[in-house]
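Overview (structure and organization)
So the chains spell out like this:
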Amino acid sequence: MDIIPFMIELLTVGVLTGFLSGFFGIGGGTILVPLLLMLGYDTKTAIGISVVQMVFGSIFGSYLNHKKGTLDVAMIAIIGAGGFVGALLSGYITSLFSNRTLEIFFLLFATFALFRLFMPVKEDAVEKDVNKLLLFGIGIFIGMMSITIGVGGSIMLVPILVGFLHVKLNKAISAGLFFVVFSSISGLISHTLEGHIDFKSGIIVGIASLVGVYVGIYFKDKVQTPLQKKLIVIFYVFIVIYLAKRVFING
């Protein structure tokens, strides 16, 4: 039967996604959506499965980060609340666009994520105290835009925390993953209402991702920042090349 290879594929994808989520502090959608597209899922279903995985991975990963003392709950709670509000609109927004248009959006997002890695940051500056209403607004925008294409939003939030608020990178990565808890739960509600969720595949991938998240967070705290940055650059280069080929050549 084809069910066994199918299960193995989903379990492998889940573990890999979880590892990258924990190691890089991302929601997992940036790698999961392209992988699901490779397996033959349509774009909207891939986004829905990604949202399910993000719920599993972000909650477990944030729990582990909290135990390690790298999670500042108070700092991210306001942005997270905004992310929850913004992500409530994501399912509706996703339904407005074709699969090809969503893939183009995802390509633009991945390209942005790649280029922002080359932007200089000042990790030794004093952490800023920012207006809470502004933080809430930032959360709304990131939650709405990111969950629409099946990513958690941490890849947008981390450079804001490090580059503008001068939060230490390791702390910002933990905060970014915690933000995904808010945005993904809200996104799950929204995408369920729009019929984008394949719960069977999503739960399999989500549970498998927990193993990867545990290993990823372990290595995140062992690897120095320069090496971590090089690895994530390689990761995004691969994603951008694949999506560009899919959109401009195969499309």
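Everything discussed here concerns the structure shown above.
Analysis parameters
Residues numbered from 1 in each chain as written. Predicted model: local features only at pLDDT ≥ 70, side-chain atom pairs only at ≥ 80, totals over all residues. Heavy atoms only, no water. Helix = DSSP H or I, 4+ residues; strand = E, 2+ residues; numbered from the N terminus. Rg over C-alpha atoms; globule rule 2.2 N^0.38 Å. Buried < 20%, exposed > 50% of the residue type's maximum accessible area, 1.4 Å probe, protein only. Expected span 1.5 Å × (residues − 1). Bend = angle between axes of the 7 residues up to and from the residue. Salt bridge = Lys/Arg side-chain N within 4 Å of Asp/Glu carboxyl O. Core = buried A, V, L, I, M, F, W, Y, C linked by side-chain atoms within 4.5 Å. Contact = heavy atoms within 4.5 Å. Patch = residues over 30% accessible without salt bridge, like charges linked within 9 Å, V, L, I, M, F, W, Y side chains within 5 Å. Areas by Shrake-Rupley, 256 points an atom, 1.4 Å probe, with all protein chains shown as cover. Phe/Tyr/Trp six-rings, centres within 6.5 Å; stacked < 30°, edge-to-face > 60°. Axes fitted to C-alpha atoms, helices over the stretch in contact; angles between N-to-C directions. Parallel < 35°, antiparallel > 145°, perpendicular 65-115°, else oblique. Left-handed = near helix turned anticlockwise from the far one by under 90°. Nonpolar A, V, L, I, M, F, W, Y, C, P; charged D, E, K, R; others polar. Polar contact = N/O pair within 3.5 Å; in protein donor to acceptor, adjacent residues only side chain to side chain.

**What to know about the overall build of the protein chain**
Looking only at helices and strands, one finds eleven helices and zero strands in the protein chain. Ordered by position in the sequence, the α and β elements of the protein chain form the string α-α-α-α-α-α-α-α-α-α-α. The C-alpha atoms of the protein chain give 17 Å as radius of gyration, which agrees with the globular expectation for 251 residues (18 Å, within 12%). Structurally, the protein chain occupies a C-alpha span of about 55 × 35 × 35 Å along its principal axes. Here the protein chain holds 251 residues, and 52% of them are scored as buried.

**Thoughts on helix α9 (residues 169-193)**
Its 25 residues give α9 an end-to-end C-alpha distance of 36 Å, which sits within 8% of 36 Å, the value for a rise of 1.5 Å per residue. Just beyond α9, the residue with positive phi is G195, at close to 75°.

**Regarding helix α4 (residues 73-87)**
Taking 1.5 Å of rise per residue, 15 residues should cover 21 Å, and α4 covers 20 Å from first to last C-alpha, within 8% of that figure. Along α4, the helix axis deviates most sharply at I79, where the bend reaches about 25°. Of the positions making up α4, those classed as buried are M75, I76, I79, G80, G82, G83, G86 and A87.

**Concerning the pattern of salt bridges**
Inspection of every chain in the model, using the stated rule, returns one salt bridge. Linking E103 and R246 is a salt bridge whose minimum nitrogen-to-oxygen distance equals 3.0 Å. In this pair, E103 is assigned in helix α6 (residues 99-116) and R246 in helix α11 (residues 225-250), connecting sequence segments 143 residues apart. For E103, a relative accessible area of 10% translates into the label buried.

**What about the nonpolar core?**
Counting 53 residues, the largest nonpolar core has L161 and F235 as its most contacted members. Among the elements that make up this core, the one with the highest residue count is α11 (eight residues). V51, M54, A87 and V180 belong to the second largest nonpolar core, which has five residues in total.

**Some details on the side chain of T43**
Examined against the element boundaries, T43 turns out to sit in helix α3 (residues 43-68). By relative accessible area, which is 3% here, T43 ends up buried. In this structure T43 touches L37, N99, L102 and E103, once residues within four positions along its chain are discounted.

**Focus: a nonpolar patch on the surface**
Together, I59, F84, V85, L88, I185, I189 and L193 make up a nonpolar patch on the protein surface, roughly 590 Å² of accessible area in all. Top element by residues in the nonpolar patch is α9. It accounts for three residues. Assignment of secondary structure puts I59 in helix α3.

**Section: the packing of aromatic side chains**
A complete count under the given rule lists six aromatic pairs for this structure. Residues F19 and F23 carry aromatic rings whose centres are separated by 5.7 Å and whose planes lie at 10° to one another, so their mutual orientation is stacked. Taken as a pair, F19 and F23 lie in helix α1 (residues 3-24) at a separation of four residues, close to a single helical turn. F19 sits in the partly exposed class, given a relative accessible area of 26%.

**As for the packing of α1 against helix α2 (residues 29-38)**
Two elements in contact, α1 and α2, have axes whose closest approach is 9 Å; the angle formed by their N-to-C orientations is 160°. Here α1 is positioned roughly antiparallel relative to α2, judged by the angle of their axes. Classified by chirality, the crossing of α2 by α1 is right-handed. For the pair α1 and α2, the contacting residues are L10, V13, L16, T17 and L20 in the first and I31, L32, L35 and L36 in the second. Taken together, the residues of the contact of α1 with α2 break down into eight nonpolar, one polar and no charged.

**Observations concerning the side chain of T45**
Residue position: T45 is located in helix α3. Looking at T45, its side chain comes within polar contact range of the side chain of D42, at 2.7 Å. Apart from the residues within four sequence positions on either side, T45 is in contact with H196 and D198.

**A look at the packing of α3 against helix α10 (residues 199-220)**
It is at 8 Å that the axes of α3 and α10 come closest, and there the two elements cross at 30°. Classified by the angle their axes make, α3 and α10 are roughly parallel. The interaxial crossing formed by α3 with α10 has right-handed handedness. On α10, the residues touching I49, V52, Q53, F56, G57, F60, G61, L64, N65 and K68 of α3 are S201, G202, I203, V205, G206, I207, S209, L210, V213, Y214, I217 and K220.

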